There are 2 protein chains.
Amino acid sequence: MLRSRAPMFCNRTVGLCLPLRDFCQTPLLVSTLQERKLLGCLGPRSEISRGFMRRISSRSNEKFASASANASSPMSALLSDAEILPGRSDDHGGVVVEMNGAPMSSDSFLSLLKASISKWRQHGKRGVWLKLPIEHANLVQPAVEEGFWYHHAEPSYLMLVYWIPASKNTLPVNATHRVGVGAFVINQKREVLAVQEKSGKLSGSGFWKLPTGVIEHGEDIFAGAVREVKEETGIDAEFVEVLAFRQSHMAFFDKSDLFFVCLMNPLTFDIQKQESEIEAAQWMPIEEFASQPIVHKHELLKYIVEVGLARFEKGFSGFSPLSITSVFSNRQSSLYLNTEYLNSRSS
Amino acid sequence: MLRSRAPMFCNRTVGLCLPLRDFCQTPLLVSTLQERKLLGCLGPRSEISRGFMRRISSRSNEKFASASANASSPMSALLSDAEILPGRSDDHGGVVVEMNGAPMSSDSFLSLLKASISKWRQHGKRGVWLKLPIEHANLVQPAVEEGFWYHHAEPSYLMLVYWIPASKNTLPVNATHRVGVGAFVINQKREVLAVQEKSGKLSGSGFWKLPTGVIEHGEDIFAGAVREVKEETGIDAEFVEVLAFRQSHMAFFDKSDLFFVCLMNPLTFDIQKQESEIEAAQWMPIEEFASQPIVHKHELLKYIVEVGLARFEKGFSGFSPLSITSVFSNRQSSLYLNTEYLNSRSS
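Residues numbered from 1 in each chain as written. Chains lettered and ligands numbered in written order. Predicted model: local features only at pLDDT ≥ 70, side-chain atom pairs only at ≥ 80, totals over all residues. Heavy atoms only, no water.

Per an unreviewed UniProt entry, chain A carries the name Nudix hydrolase domain-containing protein and comes from Dendrobium nobile. Listed in UniProt under the heading Sequence similarities (unreviewed entry), the comment for chain A reads: "Belongs to the Nudix hydrolase family." (UniProt positions renumbered as here; feature names shortened; annotations may be inferred.)

Below, the structure written as structure tokens:
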């Protein structure tokens, strides 16, 4: 009962059952490496025989045509847009495909993908962007088998890319940097807003540090600094300028980090510390903050204190943001620069 | 010949063949959604019966134990480290797993993954990082089925994450920004180095622009600016300082962009333009550059020219880099700031 000398394998999408050997030799029925491994198919995938093609042509001819299409076959010239993946052109001669909607079997997807690449190649397309929502995780493997590679990922999707021409690809790189902020909030009594964290490298060390945090997706640097100060200490503060920024590499996994030190002006003074992350928070005389041993050892901290004091005492200038508009996209962005020159332009 | 009333399905890894209904009901044999769809299994996956478990216990007991392990089962307490995925602890109470080596079937992987999560949960672990090289693309789907989601991806791998505790996850965000540079290279004759590109928004418009480019993986801003000027024009130039930077959102797909305008001092003057990307390059009187209509319309360009001239004529200060060392990692990074204050510290 448990074993059969001639096991049959079925592909319910196509509606065919065959002995293992025939099943394995039929790209229409078992097309991905994963399926082949699962079923125990051995050896390289053979081309389907003309005889077998005729046998099934009456029931799934359209689908088979898509699966077999390639640039050298006259079949591909017959394909309509309904038989390829839906895509839109980008500004660089490429195609962007977003897979949405109902689940698709990896079989059907692979057939469409092969036909689509053939069509796009005929049309002289270059890069192909394939956005797979996480619900379509079953399509990652067939896309990789077809020669796609990963470009970037967010929690809800994976973006893959493919380069059609024989030339070197000119696809843009992925995001390379995480952006963090540190808030230098100083009041008129020369006290800085200082915190002790519950976790992290310095937890339990007794060291007082500046409020810090990571910029969220799509967040402005100045807005992130205001948010972090409010979250960690309950203090409302206004952003004044960027005093300095640090670029470091291999900061998390193999990504880089840009850390912006922001001068902030407090608008409220009663501290309400964040219970989940902050052990303690206080207004601390800057000389006391600066006298902590770690401030002397850690160059970033040493310079932050020096430049913060220089700004406070000597009018030293950092970079403050101006809202600017792009003539190309009509979108707004923020340009950070030393605005002293703006005041001296007419001099 | 083509159809069978009682098709048998085999899993060659386990060495069992069963009729479709039994095959579909056996997690050990068909465990992922993709496999279930491929085989045409219908309805929700049932728990395996105790009777069937006893039937196969003599041939694959260890594997089955792994596949069935969960936190509420005493079975999981019997698992040794050899039966879970190899992982190392991180600094935040989590586990990092890198899948390397020989291909693994999604069946075997899913069994190990379930057993591993059970074990890590017992040990109070929090975040789980799963790095899947692109060669293991077949393991993406089973990981997603187990509750993993995407964190980030590079061409050669996909990083997935999972959060074991019931609390809100505190996993760090993915890289959010691409970093670009624009080079303001000005010589003593008040001429700026200007180019016309072969592709892009301004190609064919006759507009002269500054050399620009995207920072490569792990590259310093100052090094990227030097590289881009050399690549596009053949000019050797030294980095002086960052004159300004712009943060913009939704710059490519849904990622943000940080663009650093860099003042550069030319060391050579004979232009050798890059054939592949640059249509033309020249030294151009700054007044002529500034008089181009687009410079007046596009605020970024207008400010770049203004701030560049202010720096050249009035000694306006931007941010220049200092090499600093972290007391925590002993690694070097670059801190960009207005170094004027350093010269005035003792005053």
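1. Focus: the overall build of chain A
Looking only at helices and strands, chain A features ten helices and 15 strands. Looking at chain A residue by residue over its 347 residues, the buried ones come to 54%. The long-range fraction of contacts in chain A, counting pairs at least 24 apart against all pairs at least 6 apart in sequence, stands at 59%. Looking at chain A as shown, the accessible area adds up to about 15,300 Å², and 51% of this sits on carbon and sulfur atoms. (Helix = DSSP H or I, 4+ residues; strand = E, 2+ residues; numbered from the N terminus. Buried < 20%, exposed > 50% of the residue type's maximum accessible area, 1.4 Å probe, protein only. Contact = heavy atoms within 4.5 Å. Areas by Shrake-Rupley, 256 points an atom, 1.4 Å probe, with all protein chains shown as cover.)

2. What to know about the domain arrangement of chain A
Along its sequence, chain A is organised into domain 1 (1-78), domain 2 (84-164) and domain 3 (177-335). Distance between the C-alpha centres of domain 2 of chain A and domain 3 of chain A: 41 Å. (Domains from an automatic or database assignment.)

3. Brief notes about the UniProt feature "domain: Nudix hydrolase" (unreviewed entry) in chain A
The positions that UniProt labels "domain: Nudix hydrolase" (unreviewed entry) are, in the present scheme, residues 176-306 of chain A. Within the segment residues 176-306 of chain A, helix and strand shares are 24% and 42% respectively, and the terminal C-alpha atoms sit 30 Å apart.

4. Comments concerning the sheet that holds strand β3 (residues 88-89) of chain A
Residue and element names in this part refer to chain A. The strand order across the open sheet formed by five strands is β3-β4-β5-β7-β6, and the pairing between neighbours is mixed. Each edge of the sheet is formed by a strand with only one pairing partner; in this case those strands are β3 and β6 (149-154). Sheet analysis places β6 next to strand β7 (residues 157-163), joined by five bridges and oriented antiparallel. Residue W149 lies in a different strand from β7, and its bridge partner there is V161. (Pairing = 2+ DSSP bridges.)

5. Observations regarding the pairing of strand β15 (residues 332-337) of chain A
Counted residue by residue, β15(A) has five buried out of six residues, so it is predominantly covered. Here six bridges tie strand β14 (residues 320-325) of chain A to β15(A), and the two strands are oriented antiparallel to one another. Among the inter-strand pairings, P321(A) is bridged to a residue of β15(A), identified as Y336(A). Sheet analysis places β15(A) next to strand β11 (residues 237-252) of chain B, joined by four bridges and oriented antiparallel. Within β11(B), the residue paired with L337(A) across the bridge is A244(B).

6. Some details on the environment of L171(B)
Summarising the element assignment, L171(B) is placed in the loop between β7 (157-163) and β8 (177-185). Measuring from C-alpha to C-alpha, the distance between L171(B) and F260(B) comes to 29 Å, with 89 residues separating the pair along the chain.

7. Details of the pattern of salt bridges
Residues and elements named next belong to chain A. Under the definition given, this model contains 28 salt bridges over all chains. Residue R227 is joined to E216 by a salt bridge in which the shortest nitrogen-to-oxygen separation is 3.6 Å. In this pair, R227 sits in helix α6 (residues 221-233) while E216 sits in the loop between β10 (212-214) and α6, placing the two residues eleven residues apart along the sequence. The buried category is assigned to R227, whose relative accessible area is 17%. Taken together, the shared-partner salt bridges in this structure form one network comprising E216, E219, R227, E228 and E231. (Salt bridge = Lys/Arg side-chain N within 4 Å of Asp/Glu carboxyl O.)

8. Considerations on the confidence of the model for chain A
Residues and elements named next belong to chain A. Residues of chain A with pLDDT of at least 70 account for 74%, and the chain-wide mean is 78. Contacts of residues 36-79 to residues separated by more than four positions or lying in other chains number 78 contacts, the stretch itself having pLDDT below 50. Interface scoring of the predicted complex returns ipTM 0.71; its pTM is 0.71. (pLDDT = per-residue confidence, 0-100.)

9. With respect to unusual backbone geometry
The phi angle at M250(A) is positive, at roughly 50°, despite the residue not being glycine. The class for M250(A) is partly exposed, based on a relative accessible area of 47%.

10. Overview of the packing of aromatic side chains
All names here are of chain A. Taken as a whole, this structure holds 20 aromatic pairs over all chains when the rule is applied. Both rings, one in F207 and one in F289, keep their centres 6.3 Å apart while their planes meet at 45°; by these two values the pair is tilted. Of the two residues, F207 is situated in the loop between β9 (191-197) and β10 and F289 in helix α7 (residues 286-290); the sequence distance between them amounts to 82 residues. Judged by relative accessible area, which is 7%, F207 ranks as buried. An angle of 40° between the planes, with centres 6.0 Å apart, marks the rings of F269 and W283 as tilted. (Phe/Tyr/Trp six-rings, centres within 6.5 Å; stacked < 30°, edge-to-face > 60°.)

11. With respect to the sheet that holds strand β5 (residues 127-133) of chain B
All names here are of chain B. Strand order in the open sheet made by the five strands is β3-β4-β5-β7-β6, with mixed pairing throughout. The open sheet has two free edges, formed respectively by β3 (88-89) and β6 (149-154), since each of these has just one partner strand. Note: strand β4 (residues 95-98) against β5, four bridges, orientation parallel. By the bridge assignment, V97 is partnered in β5 with L130.

12. Quick look at the side chain of Q292(A)
Residue and element names in this part refer to chain A. Its location among the elements puts Q292 in the loop between α7 and α8 (293-297). By relative accessible area, which is 9% here, Q292 ends up buried. Those residues within four positions of Q292 in sequence are excluded, and the remaining contacts are G206, F207, W208 and M284.

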